[in-house]
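Spelled out from the first residue to the last, the chains are:
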Amino acid sequence: MSGVGSEQHRAFLMNSNIHPLERAQFTHNKIDRPTRPDVEAAVRTIIQWAGDDPRRDGLAETPSRVARAFEEFFSGYGQDPAEILEKTFEEIEGYDEMITLRGIPFESHCEHHMAPIIGQAWVGYIPNGRVVGISKLARVVDVFAKRLQIQEKMTAQIANVIHEVLKPQGVAVVIKATHHCMSTRGIHKAGTDLVTSRMLGCFRENAITRQEFLGLAT
Ligand SMILES: [Zn+2]
């Protein structure tokens with residue numbers, strides 16, 4: 001993939017699970033973003049609906065705090081994960097073994113209840129002549145985590161973008177996370193975690209490579 005504006009990059013955005021607001025930057029279909037006062041009014045409505053008085057002292061600043069918190073929770077919509085991975089290093093002395101960043105902590109929110117998903121990701125790849133700075137792997141996890149998610153989709157998105165941009169011999173991603181929509185509401189099963197994985201290239205084709213990675217990730 002050569003520049004962010006290239007046809008190939010545009011095709012990648014259309015095919016992957018990109019938020020409509022982000023896609024709009026590339027297709028020039030402007031989607032109206034509500035204003036900050038609109039969002040604060042919505043938070044006041046929720047407070048009132050819950051049964052409290054949004055005008056009382058303790059709650060007066062809450063709508064603006066909630067808006068700022070949501071800006072942080074959903075900052076991933078404004079970031080392009082492919083761009084993060086574009087700078088690579090080729091002076092690697094022929095290094096062609098597995099590179100695994102383990103236990104990357106993340107916080108996300110489920111797209112069904114907007115409840116927290118708290119977990120860790122293990123991201124591995126076997127390079128094909130070039131590597132990325134290891135912090136970039138953690139940043140890619142964060143870009144997808146800071147959106148409304150389901151864990152299965154997030155796992156696939158992380159693996160897919162590394163595979164598309166870095167073109168390694170293979171990519172493996174494992175995510176383990178607890179879902180607050182399962183522990184604090186609904187079925188109330190605290191203490192469970194969900195494990196998902198996506199294997200591409202040599203990790204999918206070669207059981208020994210896959211086992212080596214899973215040995216590091218458990
Ligand atoms: Zn949920």
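Heads up: these notes are all about the structure in this document. This structure is a prediction, so every number in the text was calculated from the model and none was measured. (Residues numbered from 1 in each chain as written. Predicted model: local features only at pLDDT ≥ 70, side-chain atom pairs only at ≥ 80, totals over all residues. Heavy atoms only, no water.)

1. A look at the coordination of the zinc ion
Put simply, the rule reads: Donor atoms (N, O, S) are those found within 2.8 Å of the metal centre, with the cutoff raised to 3.2 Å for Na, K and Ca; water is not part of the atom list, so apparent gaps in a site can occur. Under the scheme used here, helices are H or I runs from DSSP no shorter than 4 residues and strands are E runs no shorter than 2 residues, and both carry numbers assigned from the N terminus. Burial status follows relative accessibility: with a 1.4 Å probe on protein chains alone, a residue under 20% of its type maximum counts as buried, one over 50% as exposed, and anything between as partly exposed.
Distances from the zinc ion to its protein donors, namely Cys 110 (SG), His 113 (ND1) and Cys 181 (SG), fall within the range 2.1 to 2.4 Å. Positions of the donor residues of the zinc ion along the chain correspond to the pattern C-x2-H-x67-C. Taken together, the residues His 113 in the loop between strand E1 (99-110) and strand E2 (116-126) and Cys 181 in helix H8 (residues 180-183) connect sequence positions 68 residues apart. With relative accessibility at 14%, the residue Cys 181 sits in the buried group.

2. A closer look at the environment of Thr 88
This is how it is decided: Whether two residues are in contact is decided by their heavy atoms, any of which lying within 4.5 Å being enough. In the analysis that follows, any N or O atom pair within 3.5 Å is treated as a polar contact, provided that within protein one partner can donate a hydrogen and the other can accept it, and provided that, for residues neighboring in sequence, both atoms belong to side chains.
Here Thr 88 shows up in the loop between helix H5 (81-84) and E1. Spatially, the C-alpha atoms of Thr 88 and Gly 133 are 7.2 Å apart, while their sequence positions differ by 45 residues. When neighbours within four sequence positions are excluded, Thr 88 is seen to be in contact with Arg 130, Val 131, Val 132 and Leu 166. A polar contact of 3.3 Å, which involves the side chain of Thr 88, links it to the side chain of Arg 130.

3. Some points on the sheet that holds strand E4 (residues 170-179)
Short version of the rule: Strand pairing requires that DSSP identify at least two bridges connecting the strands. Helix axes are fitted to C-alpha atoms over the stretch in contact, other axes to C-alpha atoms as well, and angles between N-to-C directions run from 0 to 180 degrees.
The strand order across the open sheet formed by five strands is E3-E1-E2-E4-E5, and the pairing between neighbours is mixed. Looking at strand neighbours, the two that pair on one side only are strand E3 (148-149) and strand E5 (194-201), the edges of this open sheet. In this structure, E1 lies alongside E3, joined through two bridges in parallel fashion. Within the sheet, the bridge partner assigned to Cys 110 lies in E3 and is Gln 149. With respect to the sheet, helix H7 (residues 151-166) is in contact with E1, E2, E3, E4 and E5, its orientation differing from that of E5 by roughly 25 degrees. Its contacts with the sheet put helix H10 (residues 207-216) on E1, E2, E4 and E5, and the angle it makes with E2 is roughly 140 degrees.

4. Here's the deal with the pattern of salt bridges
Where side chains of opposite charge bring their charged atoms close, a pairing between them can arise. As a reminder of what qualifies: Between Lys or Arg on one side and Asp or Glu on the other, a salt bridge is scored when a side-chain nitrogen of the former is within 4 Å of a carboxyl oxygen of the latter.
On inspection of all chains with the given rule, the structure shows six salt bridges. The closest approach of N and O atoms between Arg 56 and Asp 52, which form a salt bridge, is 2.8 Å. Here Asp 52 falls in the partly exposed class, since its relative accessible area comes to 33%. Glu 107 is the salt-bridge partner of Lys 146, the closest N and O atoms lying 3.1 Å from each other. Separated by 39 residues along the polypeptide, Lys 146 in the loop between helix H6 (134-145) and E3 and Glu 107 in strand E1 bring together distant segments of the chain. For Glu 107, a relative accessible area of 42% translates into the label partly exposed. Among the charged side chains, a salt-bridge network with shared partners connects Arg 36, Glu 40 and Glu 71.

5. What about unusual backbone geometry?
The backbone of Lys 167 sits at a positive phi, close to 45 degrees, despite the residue not being glycine. Here Lys 167 is to be found in the loop between H7 and E4. Of note in the backbone geometry, His 188 takes a positive phi value of approximately 55 degrees without being a glycine. Here His 188 shows up in the loop between H8 and E5.

6. Some remarks on the nonpolar core
Soluble globular proteins tend to pack their nonpolar side chains together in the buried interior. Cut-off, in case you're wondering: Remark: nonpolar core denotes a set of buried residues (Ala, Val, Leu, Ile, Met, Phe, Trp, Tyr, Cys) joined through side-chain atoms within 4.5 Å.
If you look at the biggest cluster of nonpolar residues, it comprises 34 residues, and the most contacted ones within it are Phe 106, Ile 158 and Ile 162. When residues of this core are traced back to their parent elements, those giving at least two are H5, E1, E2, H6, H7 and E4. When neighbours within four sequence positions are excluded, Phe 106 is seen to be in contact with Ile 117, Ile 118, Gly 119, Gln 120, Ala 121, Val 141, Asp 142, Ala 145, Met 154, Ile 175 and Ala 177.

7. Observations regarding the pairing of E4
Of all 10 residues making up E4, eight are buried, and the element is well covered by its neighbours. As paired elements, E2 and E4 share 10 bridges and run antiparallel to each other. Note on E4: the bridge partner recorded for Ile 117 is His 179. Looking at chain direction, E4 and E5 are connected through eight bridges and run antiparallel. Considered in E5, the bridge of Gly 170 is made with Gly 201.

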